[in-house]
Amino acid sequence: MRHWWQRLRGGGAPAAPVADGSVHHAQASASLRALLDDRQIPAAVRNSLSAEFARLESMLAKLEREELHIAVFGRVSVGKSALANALLGEAAFAVGVLHGTTREAAQRRWHAVAGSGVHLIDTPGIDELDGEARERLAFEVAEVADLVVFVVDGDLTHNEHAALTTLARTQRPLLLALNKSDRYDEAECAALLARLRERSAGLVQAEDVVAIAAQPAPLKRVRVDAQGREQVQWDERAPAIEALRARLTAIIEREGKTLAALNAGLFAGRVTDAVGARIAQARRELADRVIRQYCIAKAVAVALNPIPVADLLAAGALDAALVMHLGRVYGLPLTRREAGALLAVISAQLVALMSAIWGVHLAAAAFKGLSAGLSTLVTAGAQGALAWYATELVARAAEKYLVAGKSWGELGPKRVVADIVASLDRDSILREARKEILARL
Ligand SMILES: Nc1nc2c(ncn2[C@@H]2O[C@H](COP(=O)(O)OP(=O)(O)OP(=O)(O)O)[C@@H](O)[C@H]2O)c(=O)[nH]1
Ligand SMILES: [Mg+2]
């Protein structure tokens, strides 16, 4: 089933009425609340995403107040403020001939819409030349809007098309309003509309591309008075925005609640992803530190008390502690028995790999450069380095298994372990290990 917003902008089949916006609304509120109250999210992660969490709060408040935000958006001087005023029926926002009349986004409640928690947001124009900062601001506003009216006063420029595409990607429904239609005659206007529909196909649904005149230029009337003198008179004209108003009210009535819920839901989804990524990153960093500590401990122990290379993989006690520690880091604690079983699987793969492929090279690499004057210290360092490397391999394999939720995945342990062996830079690990060990002995 296609989502309602795809129906909205995709054209084709007429949109079926949304079953019940209240359901979406309640679901969105619940998911925002759940995210805000989630005690599993570490304080550090919450702090690093404080702006996002603050916005979650305000979005939840907005949902609870049943508000719907509509933003007008477009290049400077296309008549965004004039349109907002025409919809509101009052001169709420400054309108001007100067480019950049509107400097900051501002919102007003739209009382004319039934049961209205609907707010109109006027935004600064996206400047084609140097208004990078204002463009960013406008995009931010569009982000908090549930629905965006993109205002143009002619065919889409390259920048407008790019902005429209970006907005469409934010999954907000878009309306495209051709303003200042009073400047065109009927045929020109129809041709422009057709052109706009063609160029915005896939971004805006055809019926949501409409012609309006938010503030038509006054009509010049020339009268000849009794003395035969010409009198010029300017007649103000009322805004002609019915086509847009009708589309807006239809959408608000049919799916206003769902729109608000969708916007909140999308944002909650992004925050959830961000939280997940931060937690994963924090865990990786912690795991790195844990692994390093165990590598040092084991390497030093082996260096002080050398054992045959073949026994390195079998040296179990520290490895079991390491694997259990990693389990706690990744929030998937392992019992001692589980840790033992996991180690057995990994070691079996490593032993097979090492003896089959490069066991000889491994030993050679560890002992490289030892031909001249084998001091016990250096030999011990080399053995310790080897222990470090083996520990690192075991730990990374266990980490993969834990990150995948205690699973080797479809490929199985053999492939996972082989991939890890291939991905770790053996020589640099051995070099670093030797340095660390020698510094400690
Ligand atoms: N002819 C005509 N002029 C219009 C129409 N709507 C707005 N204008 C004029 O266009 C100019 C700009 O209008 P604004 O509403 O300030 O435009 P804006 O998009 O808000 O501009 P910025 O705030 O500077 O980005 C003003 O001089 C308006 O009178 C219209 O429908 N027809
Ligand atoms: Mg303005």
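The rules behind each value
Position labels on residues start from 1 in each chain and follow its written sequence. Each chain is given a letter, starting from A, and each ligand a number, starting from 1, according to the order in which they appear as written. Confidence filtering applies because this is a predicted model: local features only for residues at pLDDT of at least 70, side-chain atom pairs given and counted only at 80 or more, and all residues used for totals across whole chains, interfaces and linings. To get the side-chain values, take all heavy atoms of the structure and skip hydrogens and water. Whether a residue is near a molecule or strand depends on its heavy atoms: if one lies within 4 Å, it is near. Counting of polar contacts relies on pairs of N or O atoms within 3.5 Å, with two restrictions inside protein: one atom must be capable of donating a hydrogen and the other of accepting it, and residues adjacent in sequence are counted only when both atoms are side-chain atoms. All accessibility values rest on the Shrake-Rupley procedure with a 1.4 Å probe; residue burial counts only the protein chains present in the view. Each residue is assigned to one class: nonpolar for Ala, Val, Leu, Ile, Met, Phe, Trp, Tyr, Cys and Pro, charged for Asp, Glu, Lys and Arg, and polar for all the others, Gly among them. Metal coordination here is assigned from N, O and S atoms located within 2.8 Å of the ion, or within 3.2 Å for Na, K and Ca; omission of water means that sites may look incomplete. The helix and strand labels rest on DSSP assignments: H or I over at least four residues marks a helix, E over at least two residues marks a strand, and numbering proceeds from the N terminus. Classification of residues uses two cut-offs on accessible area relative to the type maximum, computed with a 1.4 Å probe and protein chains only: under 20% is buried, over 50% is exposed, and between them is partly exposed. By definition, two strands form a pair when at least two bridges between them are found by DSSP. Here is the rule: rings of Phe, Tyr and Trp (six-membered ring for Trp) pair when centre to centre is within 6.5 Å. Planes less than 30 degrees apart are stacked, more than 60 are edge-to-face, and the remainder are tilted. Criterion for a charge above a ring: Lys NZ or Arg CZ within 6 Å of the ring centre, and within 35 degrees of the ring normal. Confidence of the predictor at the level of single residues is given by pLDDT, which spans 0 to 100. Whether two residues are in contact is decided by their heavy atoms, any of which lying within 4.5 Å being enough. What makes a salt bridge here is a side-chain nitrogen of Lys or Arg within 4 Å of a carboxyl oxygen of Asp or Glu, nothing more. Only residues whose relative accessible area exceeds 30% and that take part in no salt bridge are eligible for patches, with like-charged residues grouped when within 9 Å of each other and nonpolar side chains (Val, Leu, Ile, Met, Phe, Trp, Tyr) grouped when within 5 Å. Counting rule for charge: Lys and Arg are taken as positive, Asp and Glu as negative, and neither His nor the chain ends is counted. Inter-axis angles, ranging from 0 to 180 degrees, are taken between N-to-C directions of lines fitted to C-alpha atoms, where helices are fitted over the stretch in contact. By convention the crossing between two helices is left-handed if the near helix lies anticlockwise of the far one by an angle smaller than a right angle, and right-handed if it lies clockwise.

### Quick look at the site of ligand 1
In the neighbourhood of ligand 1, 26 residues make up the surrounding shell, with Lys80, Thr101, Thr102, Asp182 and Gln215 lying closest. Taking lysine 80, its side chain carries an N or O atom lying 2.7 Å from an oxygen atom of ligand 1. Starting from 650 Å² of accessible surface for ligand 1 in isolation, the protein chains cover 92%. The residue makeup of the shell around ligand 1, split by class, is ten nonpolar, eleven polar and five charged.

### A word on the coordination of the magnesium ion (ligand 2)
Only Ser81 (OG) and Thr102 (OG1) from the protein coordinate the magnesium ion (ligand 2), and they sit 1.9 to 2.1 Å from it. In this pair, serine 81 is assigned in helix α5 (residues 80-88) and threonine 102 in the loop between α5 and β2 (106-109), connecting sequence segments 21 residues apart. In terms of burial, serine 81 and threonine 102 fall into one category: buried.

### Examining the pairing of strand β3 (residues 118-122)
The element β3 is extensively covered by neighbouring structure, given that five of its five residues are classed as buried. Of the two faces of β3, both are covered, the one formed by Val118, Leu120 and Asp122 as well as the one formed by His119 and Ile121. When strand β1 (residues 68-74) meets β3, the two strands line up parallel, connected through four bridges. Across the sheet, isoleucine 70 pairs through a bridge with leucine 120, a residue of β3. Strand direction decides the pairing type here: β2 and β3, joined by four bridges, are antiparallel. Within β3, the residue paired with alanine 106 across the bridge is aspartate 122.

### Examining the packing of aromatic side chains
The full count for this structure, using the stated rule, is two aromatic pairs. Taken together, a centroid distance of 5.6 Å and an interplanar angle of 50° make the contact between phenylalanine 73 and phenylalanine 150 tilted. Of this pair, phenylalanine 73 sits in strand β1 while phenylalanine 150 sits in strand β4 (residues 147-152), and the two are 77 residues apart along the sequence. In this pair, the class of phenylalanine 73 matches that of phenylalanine 150, namely buried. Between arginine 46 and the ring centre of phenylalanine 53, over which it is positioned, the NZ or CZ distance is 4.8 Å. Above the plane of the ring of phenylalanine 267 lies arginine 55, whose end atom (NZ or CZ) is 4.1 Å from the centre.

### Points about the confidence of the model for the chain
Counting all residues, the mean pLDDT for the chain is 84, and 83% of those residues have values of 70 or more. When mean pLDDT is taken per element in the chain, strand β6 (residues 209-211) scores highest with 98 and helix α1 (residues 4-10) scores lowest with 36. For the stretch residues 368-374, pLDDT sits under 50, and the model shows five contacts to residues farther than four places along the chain or on other chains.

### Focus: α5
Judged by how many residues are buried, α5 sits mostly within the fold: nine of nine residues are covered. Inspection of α5 places Lys80, Ser81, Ala82, Leu83, Ala84, Asn85, Ala86, Leu87 and Leu88 among the buried residues, and these make up the whole buried set. The first or second residue beyond α5 is glycine 89, which carries a positive phi of 75°.

### Topic: the environment of glycine 269
Along the chain, glycine 269 falls in helix α9 (residues 242-304). Since its relative accessible area comes to 29%, glycine 269 is described here as partly exposed. Between the C-alpha atoms of glycine 269 and serine 31, which are 238 residues apart in sequence, the distance is 9.0 Å.

### Some words on the pattern of salt bridges
Applying the stated criterion across every chain yields a total of 27 salt bridges. Two residues, arginine 396 and glutamate 392, come together in a salt bridge whose shortest N-O distance is 3.2 Å. Here arginine 396 and its partner glutamate 392 are both found in helix α12 (residues 376-403), four residues apart, which amounts to about one turn of the helix.

### Points about a nonpolar patch on the surface
On the surface, Val222, Val232 and Trp234 cluster together to form a nonpolar patch covering roughly 310 Å² of accessible area. Counting through the fold element by element, valine 222 comes out in strand β7 (residues 219-224). Taking the relative accessible area as the measure of exposure, valine 222 reaches 45% and is therefore partly exposed.

### Here's the deal with the side chain of aspartate 122
The residue aspartate 122 is located in strand β3 in this model. Of the side chains bearing the opposite charge, lysine 80 lies closest to the buried aspartate 122, which forms no salt bridge; the N-O distance is 6.0 Å. In this structure the side chain of aspartate 122 is engaged in a polar contact, spanning 2.5 Å, whose partner is the side chain of serine 81. Polar side-chain contacts of aspartate 122 include one of 3.4 Å to the side chain of threonine 102. Residues in contact with aspartate 122, not counting those within four places in the same chain, are Val72, Lys80, Ser81, Phe93, Thr102, Glu104, Ala105 and Ala106.

### Some points on the packing of α9 against helix α14 (residues 426-440)
To describe two helices that pack against each other, one gives the angle between their axes and the distance between the axes. Following both chains from N to C, one finds α9 and α14 inclined at 65°, their axes separated by 10 Å at the closest point. Seen along the crossing, α9 lies across α14 with a hand that is right-handed. Contacts between α9 and α14 involve Arg292, Ile296, Ala299, Val300 and Ala303 from the former and Glu432, Glu436, Ile437 and Arg440 from the latter. In terms of residue class, the contact of α9 with α14 is built from five nonpolar, no polar and four charged.

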